[in-house]
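Each chain is listed here by its residues.
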Amino acid sequence: MRNEDQQPETGTTAIETVAESQTLQSRRGLLRIATLGTAAVVTVKPGIANAAVSAITCSIPVPQSSQANKWIKSDGSVVNPNTKNSYDPPNTPLSGEDVKNSLAYGTRYSGYNQNETNAFNKYIQKLTMGKQGYTCYSSIQRQI
Amino acid sequence: MTAPIYRTDYPGSCRAYAIDGMTLVFHRPSGATHFLDRPVPEMLDLLAAAPDDSAGLARRLCASLDVPDDDEAHAVVETRLAELIAIGLVQTA
């Protein structure tokens, strides 16, 4: 009887040890060059209807959050506050829908005049891959 | 030229769900949905804790996974970072 009681325990320990060494192997495997053949990132492509929704719901911070408290110059560059021809940007990100309307039809951002709107739009048009808001801007471009 | 510092707005501006060993992430600012395989979610967690360059992130990732910190691991981290930049989950600043 005692033997029977002990057997499952011994068995469990052995399984755990195997599982542990397999986990370590798989963790090592994650960081091997061989894994690069497999995609680690798969983006679910939205359909046409969803693409329209994504531009409405996405947003673009002006400037990106790592540059908060900076102003936007008329050429779209990010500068220190009170620089000549620069404007205090919005505290909240601009919505993708507002940006789309402004770029497509020249509408002004609520609470901002034409010069300020132009400066923010130039900033957005200068966004490159790796900047916050770039993916939103690129989805808007496809709709203009 | 100094190495670029990578940062992420994950998990703050995302909804993330674990599904079958992968992580499903909806990124609100871009409105896009991504399936992330390991070690990508782990990399994002580390970047969310502290922005870092590629080498620093690789060292921290190897330490957290308890695997050897070697050139191969650094190359893998660099490639995965490029993929994360392309989908907008990671930014350089």
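What comes next concerns the included structure. Every residue gets a number counted from 1 within its own chain, in the order that chain's sequence is written. Numbering of ligands from 1 and lettering of chains from A proceed in the order in which they are written. Owing to the predicted nature of the model, reporting of local features is limited to residues with pLDDT of at least 70; listing and counting of side-chain atom pairs is limited to 80 or more, with chain, interface and lining totals taken over all residues.

Next up on the list: the overall build of chain A. For the purposes of this entry, the term helix denotes a DSSP run of H or I that reaches at least four residues, the term strand denotes a run of E that reaches at least two, and both are numbered from the N terminus. Counting secondary structure elements, chain A contains five helices and six strands. Put simply, chain A runs from its N terminus to its C terminus through helices and strands in the order α-β-α-β-β-β-β-β-α-α-α. As a rule, residues whose C-beta atom has 12 or fewer other C-beta atoms within 10 Å are exposed, those with 20 or more are buried, and those in between are partly exposed; C-beta atoms are placed from the backbone. Relative to its full complement of 144 residues, chain A shows a buried share of 25%. Considering only intrachain contacts with a sequence separation of at least 6, the fraction spanning at least 24 residues in chain A is 60%. It is the C-beta atoms, placed from the backbone, that decide contacts: two residues are in contact if theirs lie within 7 Å.

Time to look at the environment of Asp98(A). All names here are of chain A. With respect to the helices, strands and loops of the structure, aspartate 98 is situated in helix 3 (residues 96-105). Given 20 C-beta atoms within a 10 Å radius, aspartate 98 is considered buried. For the pair formed by aspartate 98 and serine 59, sequence separation is 39 residues and the distance between their alpha carbons is 9.1 Å.

Moving on to the sheet that holds strand 4 (residues 78-79) of chain A. With antiparallel pairing, the three strands of this open sheet are ordered in space as 4-3-5 (chain A). The open sheet terminates on both sides in strands that have one partner only, identified here as strand 4 and strand 5 (86-87) of chain A. Pairing between two strands requires that DSSP report at least two bridges joining them.

Bringing the sheet that holds strand 1 (residues 41-44) of chain A into the picture now. Either a parallel or an antiparallel arrangement is found when strands of a sheet pair, and the pairing is made through backbone hydrogen bonds. Taken together, the four strands give an open sheet; going across it, the order is 1(A)-4(B)-3(B)-2(B), and neighbouring strands pair in antiparallel fashion. The open sheet has two edge strands with one neighbour each: strand 1 of chain A together with strand 2 (14-19) of chain B. On average, adjacent strands in this sheet sit at an angle of 20 degrees to one another, irrespective of strand direction. Summarising the sheet, strand 2 of chain B and strand 3 (residues 22-27) of chain B pair through six bridges and their orientation is antiparallel. Bridge assignment links Ala16(B) to a residue of strand 3 of chain B, and that residue is Val25(B). Axis definition: a line fitted to C-alpha atoms, over the contacting stretch in the case of helices. Angles run 0 to 180 degrees between N-to-C directions.

Turning to the nonpolar core, a few remarks are in order. Definition of nonpolar core: a set of buried Ala, Val, Leu, Ile, Met, Phe, Trp, Tyr and Cys residues joined via C-beta atoms within 7 Å. Counting residues in hydrophobic clusters, the biggest one holds 24 residues, and the most contacted among them are Met43(B), Leu47(B), Leu57(B), Leu61(B) and Val77(B). Among the secondary structure elements, those contributing two or more residues to this core are helix 1 (40-49), helix 2 (54-65) and helix 3 (71-87) of chain B. When near neighbours in sequence (up to four residues on either side) are disregarded, Leu57(B) contacts Tyr6(B), Met43(B), Leu46(B), Leu47(B), Asp52(B) and Val77(B). In this structure, Cys58(A), Tyr87(A), Leu94(A) and Ile140(A) belong to the second largest nonpolar core, which totals 16 residues.

Glancing now at the interface of chain A and chain B. Residue-level contacts link 27 residues of chain A with 33 residues of chain B. Elements with a contribution of two residues or more to the side of chain A that touches chain B: helix 1 (2-30), strand 1, helix 2 (48-57) and helix 5 (134-141) of chain A. Here the element with the most residues in the side of chain A that touches chain B is strand 1 of chain A; it accounts for four residues. Here four bridges tie strand 1 of chain A to strand 4 (residues 32-36) of chain B, and the two strands are oriented antiparallel to one another.

For the bond from Val62(A) to Pro63(A), the omega torsion is -10 degrees, close enough to zero to count as cis. The omega torsion across Arg38(B) and Pro39(B) is 5 degrees, close enough to zero to call that bond cis. For Pro39(B), the position within the fold is in the loop between strand 4 and helix 1. For Asn82(A), which is not glycine, the phi torsion reads 70 degrees and is therefore positive. Within the fold, Asn82(A) resides in the loop between strand 4 and strand 5. For Asn82(A), a count of 8 C-beta atoms within 10 Å corresponds to the exposed category. For Asn85(A), which is not glycine, the phi dihedral falls at a positive 55 degrees. Tracing the sequence through the fold places Asn85(A) in the loop between strand 4 and strand 5.

Residues separated by three or four positions in an α-helix point in the same direction, a consequence of the helix having 3.6 residues per turn. Those residues of helix 3 of chain A that sit buried are Gly96(A), Asp98(A), Val99(A), Lys100(A) and Ser102(A). Backbone geometry just after helix 3 of chain A places Gly106(A) at a positive phi near 75 degrees.

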